[in-house]
Amino acid sequence: MKWVPEPEFYLRLLAGILCGSATVVLAVKWMRRRRTAEKIRAAQARREEGLRQMEDAVRRFQRQQEGMNMDEILSLSLMELTAQLKDGSISPESALCAYMWKALEVHRQVNCLTGYLPECEEQVQEMKKQKEKGLLYGVPVSIKEHYGYKGHNSNCGLACFLGIPESTDCVMVQVLKKQGAIPFVKTNVPQSMFNFECSNPIYGQTLNPLNHKKTPGGSSGGEGALVGGGGSILGLASDIGGSIRVPSSFCGLCGFKPTGARLSFKGIGSPVFGQLAVPPSLGPMARDVDSLVLCMRALLCEELFRLDHNVPPVPFNAEVYSSSAPLRIGYYDSDGYNMPVPCMRRAVQETKTLLEKAGHTLIQFTPPRVGYMSTEIYTKGLFADGASTLLDAFDGDIVDSNLKPQISVYKLSRWTKKILSFILRPLFPRISKELNALCGVRSAKEVWAQQIAVEIYREEFANEWKSLKLDVLLCPAMGPAVNIGLLGKMTGGSTNTHLFNVLNFPAGIVPVTTVTEKDEEQLKHYKGHYNDHWDKLLKKAATGGVGLPVAVQCVALTWQDELCLRFMKEVEHVTHMSKMKF
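Residues numbered from 1 in each chain as written. Predicted model: local features only at pLDDT ≥ 70, side-chain atom pairs only at ≥ 80, totals over all residues. Heavy atoms only, no water.

## Quick word on the side chain of Gln-65
The line we're drawing: Strands here mean DSSP runs of E at least two residues long; helices mean DSSP runs of H or I at least four residues long; both are numbered from the N terminus. Pairs of N or O atoms are called polar contacts if they sit within 3.5 Å, as long as, within protein, a hydrogen donor faces a hydrogen acceptor (for residues adjacent in sequence, only side-chain-to-side-chain pairs). By definition in these notes, contact holds between two residues if any of their heavy atoms fall within 4.5 Å.
Relative to the elements of secondary structure, Gln-65 occurs in the loop between α1 (7-64) and α2 (70-75). Among the polar contacts listed, one links the side chain of Gln-65 to the side chain of Ser-94, at a separation of 3.1 Å. In this view, Gln-65 contacts Ser-91, Glu-93 and Ser-94; residues no more than four positions away in its chain are not counted.

In structure tokens, the structure reads:
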């Protein structure tokens, strides 16, 4: 008699298959996590070994350079250091030793280094044999983790990129070396670099050197912490939403984001390639504007134009930078979407007054449709794929605690985002629109339409600028430095910086004042423009900042990088002169 299974048999069989599949899935996930953990431990061991090599090199240099005064070297400005390196009063070995020693000290306090570049020791000896001395001859330089350096990893804080050494130096490192600079360390970044915190599961949390309860910002947070702590005199970083300007503001530095294509991206690592709506930029961070200018002069050279034909062969325009003609300066202290905290608005207003006294003309400017720009241009452009490419890089990785709020939202299905956006619209309109924008676009036709919207907005902004016959723009930065662990929850709170990535305008940061007790008292009454979740988070994040630096942002039109730097220098000068009077 033929056996006919009971329905219960099929149910048990199906349950067994499902349980078996679930077991397989869990086993695969476990294996991936185990491999990730092993890769992270190996990377941490490599870092520790590199730092031990660095300590050994410092001791060796100290024995060789008798009578070297490291404190004196560290006190020099970049202009003073380059002059003394070229005339031989300071040797390249002494400069390198001093900054390696200081970098190790800063790292022990704030955890900002991801690795030592031991090739710097050989590079010093090779460089001394060359007859021609570049503009950065003998200057120790730090580079952000994702700058490609031969034989070393560029992992962007992600485990999936660990264990893949670069086969060659990126173009920017090649140009630095051609100009005599000595890259000697790499610095920490947030996991994936899409966050203003500076933390990842590989190298841990970086702290602000001025206040260890605060973040140094991101994504160039390691650079900000190292340069801000005195462990580097010049750092090379990158910016797609404020990643040079936010750490510069938080750590009391000058930082410059040039026009997007002014410097080369060949050999620069990233977890996301292909989006064109928001141009990224590479640029320097340093103690003063003169250092930024020297760096840009050095980088905009024939070697850069030879190595990357995509970079326009336009050298630094010294005539524009050195002009002393009075400027027509637009200004605003709030963009109408994200209200800066009281100390930041005060910084803009005080700087405006100083510039007027110096003979410049100040005209109030209202940036158009900032809320629309933030969601429909910036977020929808940056995550046109609904963040799926970025999420691919996290497959099998451990998500850093600072990034979990963002990643959790990115992982939601398109329809879940749409439904949540609809539910939140009456009470939290900004968060609602941000969620909707994170759905991205669904077709090539929509991508093209979004690109057209980008161009229309850029033209609208430029026309408003030109109608007032402005030369440059003064506006808030993001700051002061905020408490650790909160920036990951404020995904739409950075319009003051990412506006100028969308526009592809050069923009720079100049510290002008510090947080006072009065600012802290006024912060207690801060409600922002919306008094919503983001405004409340900003208020909480900015508390406890008395004494921290506050910066303003200086902006010029696309390709007018030298004019932007000239304006930054003017702001630095009037600020310095006002402090001299007291």
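## A look at unusual backbone geometry
As a rule of thumb, non-glycine residues mostly have phi less than zero, and peptide bonds are mostly trans rather than cis. Note the threshold: Whether a residue is buried, partly exposed or exposed follows from its accessible area with a 1.4 Å probe, protein chains only, as a fraction of its type maximum: under 20%, in between, or over 50%, in that order.
Omega for the bond connecting Gly-218 with Ser-219 falls within 30 degrees of zero, at 0°, which places this linkage in the cis form. Relative to the helices and strands, Ser-219 resides in the loop between β5 (204-205) and α7 (221-228). Omega for the peptide link from Gly-479 to Pro-480 comes to 5°, which places this bond in the cis form. Secondary-structure assignment places Pro-480 in the loop between β11 (472-476) and α19 (495-502). Backbone geometry at Met-193 places phi at a positive 75°, although glycine is not the residue there. Relative to the helices and strands, Met-193 resides in the loop between β3 (182-187) and β4 (199-200). Judged by relative accessible area, Met-193 falls into the buried class, the value being 10%. Look at Asn-531: it is not a glycine, yet its phi comes out positive at around 55°. Looking at the secondary structure, you find Asn-531 in the loop between α20 (517-523) and α21 (533-542).

## Re the pattern of salt bridges
Worth spelling out the cut-off: Salt bridges are identified by distance alone: a Lys or Arg side-chain nitrogen within 4 Å of an Asp or Glu carboxyl oxygen.
According to the stated counting rule, one finds 26 salt bridges in the structure shown. Among the salt bridges present, the one from Arg-306 reaches Glu-303, with a minimum N-O distance of 2.9 Å. With Arg-306 and Glu-303 both in helix α10 (residues 302-307) and three residues apart, this pair spans about one turn of that helix. For Glu-303, a relative accessible area of 16% puts it in the buried group. Note that Lys-569 and Glu-572 form a salt bridge whose closest N and O atoms lie 3.2 Å from each other.

## Quick notes on the packing of aromatic side chains
Put simply, the rule is: Working definition: a ring pair exists when centres of Phe, Tyr or Trp rings (six-membered ring for Trp) sit within 6.5 Å. Plane angles under 30 degrees give stacked, over 60 give edge-to-face, the rest tilted. As a reminder, the over-ring test applies to NZ of lysine and CZ of arginine, requiring each to be within 6 Å of the ring centre and within 35 degrees of the ring normal.
Summed over all chains, the structure comprises nine aromatic pairs. Summarising the aromatic geometry, the rings of Phe-365 and Phe-461 are spaced 5.4 Å apart at their centres and angled 55° between planes, so their arrangement reads as tilted. Residue Phe-365 is located in the loop between β10 (361-364) and α13 (370-382), and its partner Phe-461 is located in helix α18 (residues 444-467); the two are separated by 96 residues in the primary sequence. Assigned by exposure class, Phe-365 and Phe-461 land together as buried. An angle of 75° between the planes, with centres 5.8 Å apart, marks the rings of Phe-461 and Phe-505 as edge-to-face. Taken together, the residues span a long stretch of sequence, with Phe-461 in helix α18 and Phe-505 in the loop between α19 and β12 (507-514) at a distance of 44 residues. Under the relative-accessibility criterion, Phe-505 is labelled buried at 4%. Three or more aromatic residues link up through ring pairs in this structure, and these residues are Phe-365, Tyr-372, Tyr-457, Phe-461, Trp-465 and Phe-505. The cationic tip of Arg-369 hangs over the ring face of Tyr-372; the distance from NZ or CZ to the ring centre is 4.3 Å. Lying across the ring of Tyr-337, Arg-430 places its NZ or CZ 5.3 Å from the centre.

The analysis is restricted to geometry; functional conclusions fall outside its scope.
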